[in-house]
Amino acid sequence: MISKVLVANRGEIAVRVIRACRLLGLASVAVFSDADRRDPHVRMADEAIALGGTSPADTYLSIEKVLNAARRTGADAVHPGYGFLSQSAEFSDACAAAGLAFVGPSGDTMRKMGGKIVARREMQSAGVPVVPGTLDPSEDAAEAQRVADEIGYPVMLKAVSGGGGKGIRRVTRSEDVAGAFERAASEAVTSFGDGSLYVEKCIDRPRHIEIQVLLDSHGNAVHLGERECSLQRRHQKIVEECPSSWLPDETRAAMADAAVRGAAAVGYENAGTVEFLVDQSGEFYFLEMNTRLQVEHTVTEMVYGVDIVAEQLRIAGGEALSVTQADVQRNGHAIEVRVCAEDPAHGFFPSSGRIEHLELPGGPGVRLDTFLFEGQEVTLFYDSMVGKLICWGEDREAALRRTRAALREFVVAGISTTIPFTLRLLAEPEIVAGHYDTSYLDEHMERLVGHGAGRHRLAAAVAAALVHRERARERVHRRATPAAARGPSPWVVHGRRNAMGGDR
Amino acid sequence: MISKVLVANRGEIAVRVIRACRLLGLASVAVFSDADRRDPHVRMADEAIALGGTSPADTYLSIEKVLNAARRTGADAVHPGYGFLSQSAEFSDACAAAGLAFVGPSGDTMRKMGGKIVARREMQSAGVPVVPGTLDPSEDAAEAQRVADEIGYPVMLKAVSGGGGKGIRRVTRSEDVAGAFERAASEAVTSFGDGSLYVEKCIDRPRHIEIQVLLDSHGNAVHLGERECSLQRRHQKIVEECPSSWLPDETRAAMADAAVRGAAAVGYENAGTVEFLVDQSGEFYFLEMNTRLQVEHTVTEMVYGVDIVAEQLRIAGGEALSVTQADVQRNGHAIEVRVCAEDPAHGFFPSSGRIEHLELPGGPGVRLDTFLFEGQEVTLFYDSMVGKLICWGEDREAALRRTRAALREFVVAGISTTIPFTLRLLAEPEIVAGHYDTSYLDEHMERLVGHGAGRHRLAAAVAAALVHRERARERVHRRATPAAARGPSPWVVHGRRNAMGGDR
Amino acid sequence: MKYHVTIDGEELEIELVERDGRTLAIHPELDDGVGVPVELVPVQRSGSYSLLVGDRSLPVVATGDEDELTLTLGSETWNCAVVDEREVLARAALGPGAARAGGGLMRSVMPGIVRDIRVAVGDTVERGQAMLILEAMKMENEIRAEVDGTVKTVHVTPGTAVAKGDSLITLE
Amino acid sequence: MKYHVTIDGEELEIELVERDGRTLAIHPELDDGVGVPVELVPVQRSGSYSLLVGDRSLPVVATGDEDELTLTLGSETWNCAVVDEREVLARAALGPGAARAGGGLMRSVMPGIVRDIRVAVGDTVERGQAMLILEAMKMENEIRAEVDGTVKTVHVTPGTAVAKGDSLITLE
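The structure displayed is predicted, hence computed values, not measured ones.

Quick notes on the rules
Just so you know, the residues in each chain are numbered from 1, in the order the chain's sequence is written. Note on labels: chains are lettered from A, ligands numbered from 1, in written order. In keeping with the predicted nature of the model, local features appear solely for residues at pLDDT of at least 70, side-chain atom pairs appear and are counted solely at 80 or more, and the whole-chain, interface and lining totals rest on all residues. Side-chain measures were taken over the full set of non-hydrogen atoms in the model, leaving aside hydrogen atoms and water. Residue contacts are defined here by distance: any two heavy atoms, one from each residue, within 4.5 Å place the two residues in contact. In the sections that follow, a salt bridge refers to a side-chain nitrogen of Lys or Arg positioned within 4 Å of a carboxyl oxygen of Asp or Glu. Pairing of N or O atoms within 3.5 Å defines a polar contact, subject to two protein rules: one partner must be a possible hydrogen donor and the other a possible acceptor, and residues neighboring in sequence count only if both atoms are side-chain atoms. Elements are defined by DSSP. Helices are runs of H or I of four residues or more, strands are runs of E of two residues or more, and each kind is numbered from the N terminus. Gly is placed with the polar residues, together with every amino acid not listed as nonpolar (Ala, Val, Leu, Ile, Met, Phe, Trp, Tyr, Cys and Pro) or charged (Asp, Glu, Lys and Arg). The definition used for a disulfide is geometric: two cysteine sulfur atoms within 2.5 Å. Buried residues are those whose accessible area, probed at 1.4 Å on protein chains only, stays under 20% of the maximum for their type, while exposed residues exceed 50% and partly exposed ones sit between those limits. A least-squares superposition brings the copies together, and it is based on the C-alpha atoms of residues with pLDDT no lower than 70 in both. Under the convention used throughout, the expected extent of a helix is 1.5 Å for every residue step, that is, one less than its residue count. Buried area is a sum: the accessible area each of two parts loses on coming together, probed at 1.4 Å, counted once for each and added. The domain boundaries here were taken from an automatic or database domain assignment. Between 30 and 60 degrees the pair is tilted, below 30 it is stacked and above 60 it is edge-to-face, where a pair is any two Phe, Tyr or Trp rings, Trp via its six-membered ring, whose centres lie within 6.5 Å. A pair of strands is treated as paired once DSSP finds two or more bridges between them. What counts as an axis is a line fitted to C-alpha atoms, over the stretch in contact for a helix, and the angles between N-to-C directions run from 0 to 180 degrees. In this description, a nonpolar core means a group of buried Ala, Val, Leu, Ile, Met, Phe, Trp, Tyr and Cys residues linked to one another through side-chain atoms lying within 4.5 Å. Should an angle fall under 35 degrees it is taken as roughly parallel, and over 145 as roughly antiparallel, whereas 65 to 115 is taken as roughly perpendicular and any remaining angle as oblique. Two helices crossing with the near one rotated counterclockwise from the far one by less than a right angle form a left-handed crossing, whereas a clockwise rotation gives a right-handed crossing.

J.: So, the interface of chain B and chain A: which residues are in play, and what are the values?
T.: Taken together, the contact pairs 52 residues of chain B with 53 residues of chain A. Here arginine 19 of chain A makes a salt bridge to glutamate 409 of chain B, at a shortest N to O gap of 2.7 Å. The interface formed by chain B and chain A includes 10 residue pairs in polar contact (both at pLDDT 80 or more). Those elements that place two or more of their residues in the side of chain B that touches chain A are α1 (11-24), α2 (40-44), β19 (366-370), α12 (396-409) and α17 (490-498) of chain B. The biggest single contributor to the side of chain B that touches chain A is α12 of chain B, with six residues. Of the residues in the side of chain B that touches chain A, the class split is 17 nonpolar, 12 polar and 23 charged.

Dropping the structure here:
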């Protein structure tokens, strides 16, 4: 049993973990960088410790600082969230050595499953089909090129310690290997502190489908079905859904079986995700295992009614899973949209700035996991994802309609976000029909990054003229009147007019 | 089929109906009083029509104005929400006469079921057990007193056209009938335009449990189980849950059967709720039928996965229900908390003012139906309910824990709300255990309206000192510096400090 | 600097001192009176702050002016009157006197319309007795005497629209 | 008063006139140019408004200053440059000239750090060619030429931290 959880992360996932702590009655400790002092995870946690510094390396990636914070506050468990230290076997080991329950698998298991190459070997020996490719990391570009020539193009170059679409490149010609290797390795060093890459054959137009598994220390293992994550840009997932729009039932059953078998074979404990590529004929290949909570765990929660983070905490505390395979029933359909501070019209460049205005969607079937607040400064220090919108419906069509309706309610002003882009994407006939694979976004990107139908263009021009007039009048008024004598601004007057008079 | 829905209401329920319109791809028309021009329902709807005026009678209760708005915008359906015209048979008739689909039962059905006395007669003849009492309205206090003396005390005086806890009084002694009659009648005139009352026997410590039914024009009838609404203050529901914490399965089945039978007997069409009192022995008595959408429909939606408002619109458009009785499965537990602009420490007096600061809860299992926004002026013109928080959990305990956690995230500053009160209420051991009836709140009110444990009192005092110091410094700074030369305020500086530098 | 904070009817004395660029709060119940580092960081213009008391983290919303603050912490709301030492001295210099008036004056806690008045000047009332009916938000609310006493003045008549804080009835 | 609104590369002329205490907007595509009553009501200090164009209702958020507004309507965001007739006349009086500079100047659309420069002064580049690698949010982003041309100036060096709007490369 555990009683106080240090959350070694920031942003929406730190908020998510604190919510699970509250559900279970556990105390929570936040850690924060200088840039995040005002963030919701700091305000929500019971205790908060400054890590000092702003760069990831100085803060959320510093094992020493995080463990010091745990010691100081008397935390007895550490949840790493996703990203940062979540896939560090060294961190898992260090927590164990410090007598802390690490909310995730042991360092040994991570080394087996987290390192992508080792994982491929492990899965192969557990009888799980894997994508053809190298079983050793390529030390330099020349070696990668040799291996790629052997496998045949197109190939993928992937960071051994990678994740989240970083440190990964698709290469179609031998002469492009060198350049791609260099950039992917450089990204991998920056993001994961490890530049080694491996080479893998490209599966043609695959679906990206993954199985959520939960395994406790009492030998119980449960899968929570699949998530489809084929809508990707630069291998970065953008929209996820549960269940898949397409997966045949027999394939689903075989994949779930393989996932549980593979995880059990390496003695995996806690929540994990086994990612597969599924080709057009329904053949599936093990891609990698995510030895941590995933961003998109939310769609599974909506459809299976299981709080995955609460289960993680139960497992870490030595308790048994609260559900059996027979308990978990699929119910309806859920879609997650990642809201990123990026500007699709400019190549999805990260967008930073102050959140000037914020309106959040609500109502039936709408779940919001975000850490945005009005007045917040979105910086470029960290990942660009600022929130997730998850919508449930009794079937896929209802879930899609809810998602589009909720996106229309979701207003973030002051930075560019991917909300309008996603709204257009989810209205595409092929997406509505469920006919898409991992190549969809790259092939249709040009159409999607524009302004769409421009339905409200004339109304926007009218609004612009009216705002211009209002502000010009205010400016004149301000100049003409000394501050003390100045009346309240129009919106204050309007508000007062609405307040109670006696004239009912 | 319908294509454009006029929403003849305001507040959270108007927002709720607009969301259902969006789900079904229907256009929406809002109407608004002068006080509500800036409200979310106006901004969310596709079209919006000013009704002119502020009092309910001049606006949302004006059949003429509402129908003019429908005519002007070409709406082909009208959703009345709850309150206002939702239970007006005259309005239902007027819509039908104007060729508009009224989203609710016909005027004739309403007259049978909406008028409480007639409904009692109808149900009695359909074989549904009713509470002993008069079958005719009492014209004056003297007659009511005579009837009450006959039935035996305690009795309830109830407005024939009442609802929402208004126009209702419990009387324990013959000599108190006159005073109670006068006040209840006066409230009933103000709220419903009809001061007639009837007398009913008080059931001792009953549970208030109601059955949600849906009936379409094709002869399909479905029930969506029960809601327990026993936590009431002055007959005003405060917290509702689905399913009941206590109801035996056989009683549930018998009640659902009686509800569907009763509704079908009067040719009821659309969504409706049959309310029962259930005594300690499990005997149940028909109380009244709500011939409209109810505030607490949300908990049923969470547990049964059915969008009740969307079903209402389908029925009104002549479509069949999208679900059969076999389709609807109960899943988990949901709790709704009504958030009211009231001050529990001062007898739940309505609280008005500007919303200075607002933070909304989120995350798994949390649904929010509200129309609050920062800067909003909460007036005393309308009902004090400003939002609803609905939380789902795999069982009752999880739903309760989620609700408490979400209430802690829900911050409304500038007005008093019932949030802290409800938080204390939901931590009461008897409530957690599910041991309560409609008398619970009245009996335990004194303990619940205080400050509770005062855990944060010292921290509040420290915060007060720090805010005082900060503001005093700012004031001095402002006095000492001419406006133009003045630096930005501390929070701006802090924000800027957090923005991107190149020092990564 | 010492701050006198009246909260929930009780006065607490909080001392804030600066040491090594940090603020310490001193009070007997905080770390045995040794003082705890505290930090209050503004989050939003609307009055929300993040407060750290030692390692304890609390979200705070402060509304009102600096002397009469309304603070929301962890879903509880507190009204705090604050004066600092300097202000106390300044007031003392003005001499005693106008301490706190009030006593038997009942003010309206909300805006509304007076529907009925049940007492007249000279009547003896008991604590809890209904004196006045105030209507707001479609509900009729009974205003009850907070103390035993005699009605000295009735400040309103039926039909009067009152704002929050308006005088209703004075008892003596 | 007439307003020239440049939106999405196109200039629209919107006329606003006051009639019977209401504002009418006149544009050929609005009700055949007869004019439609419009109303813009501020909702929040943060720049949100409720707009009615006839009976049509639209939520609007406006940020930026009055000449260069960013408007969000129904999830789409528009950048609008606005000048009114008076301002047009005032500018005309100052003579022509500094109309709009720009042309081949590529500015940074976000803050970040320059990691690599792939072109040198004098190089011929084609539209779409990668010229520079900018790192932000842990991603390396290629900055591509927006037009065919010759590199005239390179304003940055590897390692330079740039803010949004900073000059990167000028083509001619």
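So that's the structure; there's more coming.
J.: Tell me what's going on with the state of the cysteines, and back it up with residues and numbers.
T.: This model, assessed by the stated rule, comprises zero disulfides over all chains. Between cysteine 95 of chain A, a cysteine without a disulfide, and cysteine 21 of chain A, which holds the nearest cysteine sulfur, the sulfur-to-sulfur distance is 14 Å. Of all cysteine sulfurs in the structure, the one in cysteine 229 of chain B sits closest to cysteine 202 of chain B, which takes part in no disulfide; the separation is 18 Å. Looking at cysteine 202 of chain B, the relative accessible area reads 12%, which means it is buried.

J.: Would you mind going over the pattern of salt bridges in detail, with residue names and values included?
T.: All names here are of chain B. Applying the stated rule across the entire model yields 93 salt bridges over all chains. Here arginine 121 ties to aspartate 136 by a salt bridge, and the two come within 3.1 Å at their closest N and O atoms. Of this pair, arginine 121 sits in helix α6 (residues 116-125) while aspartate 136 is found in the loop between α6 and α7 (141-151), placing the two residues 15 residues apart along the sequence. The closest approach of N and O atoms between glutamate 150 and arginine 146, which form a salt bridge, is 3.6 Å. Of this pair, glutamate 150 and arginine 146 both sit in helix α7, four residues apart, which is roughly one turn of that helix.

J.: Kindly report on the side chain of arginine 43 of chain B, identifying the contributing residues and their values.
T.: Counting through the fold element by element, arginine 43 of chain B comes out in helix α2. Overall, arginine 43 of chain B belongs to the buried group, its relative accessible area being 6%. Side-chain polar atoms of arginine 43 of chain B contact the backbone oxygen of arginine 38 of chain B, separated by 2.9 Å. Once residues within four sequence positions are removed from consideration, arginine 43 of chain B is found in contact with Glu359 of chain A, Arg38 and Phe373 of chain B together with Val43, Tyr49, Ser50, Ser57, Leu58 and Pro59 of chain D.

J.: I'd like a description of the relation of the copies chain B and chain A, backed by residues and values.
T.: Of the transformation superimposing chain B on chain A, the axial component is 0.0 Å and the angular component is 180°, with the fit at an RMSD of 0.0 Å. One copy is carried onto the other by what is essentially a two-fold rotation axis. Of the C-alpha atoms belonging to chain B, the one lying closest to the rotation axis is found on arginine 367 of chain B, 3.5 Å away. A shared binding surface is used by both copies, with 100% of the interface residues of chain B retained as interface residues in chain A.

J.: Report on α1 of chain B, specifying residues and quantitative values.
T.: All names here are of chain B. Helix length check: α1, at 14 residues, gives a terminal C-alpha distance of 21 Å against a target of 20 Å (1.5 Å per residue), a fit within 8%. Within α1, 13 of the 14 residues are buried, which leaves the element mostly enclosed by the surrounding structure. Count one or two residues on from α1 and you reach glycine 25, which has phi positive near 75°.

J.: Let's hear about the interface of chain A and chain D: which residues, and what values?
T.: Contact with chain A, which involves 55 residues of that partner, is made by 63 residues of chain D. Overall, the association of chain A and chain D removes approximately 5,400 Å² of surface from exposure, summing both partners, and the carbon and sulfur fraction of that is 64%. Viewed at the interface, chain D and chain A are joined by four salt bridges. Salt-bridge contacts for glutamate 18 of chain D lead to arginine 473 of chain A; the nearest nitrogen and oxygen are separated by 3.7 Å. Counting every contact that joins chain A to chain D gives 10 residue pairs in polar contact (both at pLDDT 80 or more). Those elements giving two or more residues to the side of chain A that touches chain D turn out to be α8 (177-192), β16 (349-350), β18 (357-359), α12 (396-409), β22 (411-413), α13 (419-425), α16 (457-480) and α17 (490-498) of chain A. No other element matches α16 of chain A, which puts 18 residues into the side of chain A that touches chain D. Residue composition of the side of chain A that touches chain D, grouped by class: 24 nonpolar, 14 polar and 17 charged.

J.: Got a sec to walk through the domain arrangement of chain C? Specific residues and values, please.
T.: When its domains are assigned, chain C resolves into domain 1 (2-85) and domain 2 (100-171). If you average the C-alpha positions of domain 1 of chain C and of domain 2 of chain C, the two centres end up 35 Å apart.

J.: Which residues make up helix α11 (residues 308-316) of chain A, and what values go with them?
T.: Residue and element names in this part refer to chain A. The buried count for α11 comes to nine of nine residues, which makes it a mostly enclosed element. Where α11 is concerned, the buried positions are Ile308, Val309, Ala310, Glu311, Gln312, Leu313, Arg314, Ile315 and Ala316. Where α11 begins, one side-chain oxygen reaches toward the backbone nitrogen of valine 309, 3.3 Å away; that side chain belongs to aspartate 307. At the exit of α11 stands glycine 318, carrying a positive phi of roughly 85°.

J.: Tell me what's going on with the packing of aromatic side chains, and back it up with residues and numbers.
T.: Residue and element names in this part refer to chain A. What the rule picks out here adds up to 14 aromatic pairs over all chains. Centre to centre, the rings of phenylalanine 276 and phenylalanine 284 are 5.3 Å apart; their planes meet at 85°, and the pair counts as edge-to-face. By relative accessible area, phenylalanine 284 is classed as buried at 13%. In textbook terms, an aromatic cluster arises when at least three aromatic residues are bridged by ring pairs, as seen for Tyr60, Phe84, Phe381 and Tyr382.

J.: Hey, could you go over the domain arrangement of chain A for me, with residue numbers and the actual values?
T.: All names here are of chain A. By domain assignment, chain A separates into domain 1 (4-103), domain 2 (132-201) and domain 3 (207-453). Taking only C-alpha atoms into account, the centre of domain 2 sits 26 Å from that of domain 3. Taken together, the contacts link nine residues of domain 2 with six residues of domain 3. Around 600 Å² of area is buried between domain 2 and domain 3 when both sides are counted, 43% of it from carbon and sulfur atoms. Along the contact surface separating domain 2 from domain 3 lie one salt bridge. Across the salt bridge formed by lysine 166 and aspartate 383, the nearest N and O atoms sit 3.2 Å from each other. There are one residue pair in polar contact (both at pLDDT 80 or more) connecting domain 2 and domain 3.

J.: Tell me about the sheet that holds strand β7 (residues 166-171) of chain A, residues and numbers included.
T.: Residue and element names in this part refer to chain A. With respect to topology, three strands assemble into an open sheet ordered β7-β6-β8, the strand pairing being antiparallel. Across the chains shown, the open sheet's two edge strands, defined by having one partner strand only, are β7 and β8 (197-201). Taken over all neighbouring pairs, the strand axes of this sheet differ in orientation by 25° on average, direction set aside. Contacting β6 (155-163) and β8, helix α7 (residues 141-151) runs over the sheet at an angle of about 10° to β8. Packed on one face of the sheet, α8 meets β6, β7 and β8 and runs near 165° to β7.

J.: Could you give me a rundown of the nonpolar core, with the residues and numbers involved?
T.: Among the nonpolar cores identified, the biggest contains 108 residues, and Leu6, Phe91 and Leu425 of chain A are the most heavily contacted of them. In terms of residue count, helix α1 (residues 11-24) of chain A provides more of this core than any other element does, seven residues in total. For this core, the domains that each give at least three residues are domain 1 (4-103) and domain 3 (207-453) of chain A. Leaving out residues up to four positions away in the same chain, leucine 6 of chain A has contacts with Val29, Val31, Val66, Ala69, Ala70, Ala75, Ala77, Val78 and His79 of chain A. One finds Ile13, Leu67 and Ile415 of chain B together with Leu52 of chain D within the second-largest nonpolar core, a separate group that totals 107 residues.

J.: Which residues make up the packing of helix α3 (residues 63-73) of chain B against helix α4 (residues 89-97) of chain B, and what values go with them?
T.: Residue and element names in this part refer to chain B. The contact between α3 and α4 brings their axes to 11 Å, and the two run at 30°. When the interaxial angle is binned, α3 and α4 end up roughly parallel. Between α3 and α4 lies a crossing whose hand is right-handed. Note on element contacts: α4 touches α3 through Glu90, Phe91, Ala94 and Cys95, opposite Ile63, Val66 and Leu67.

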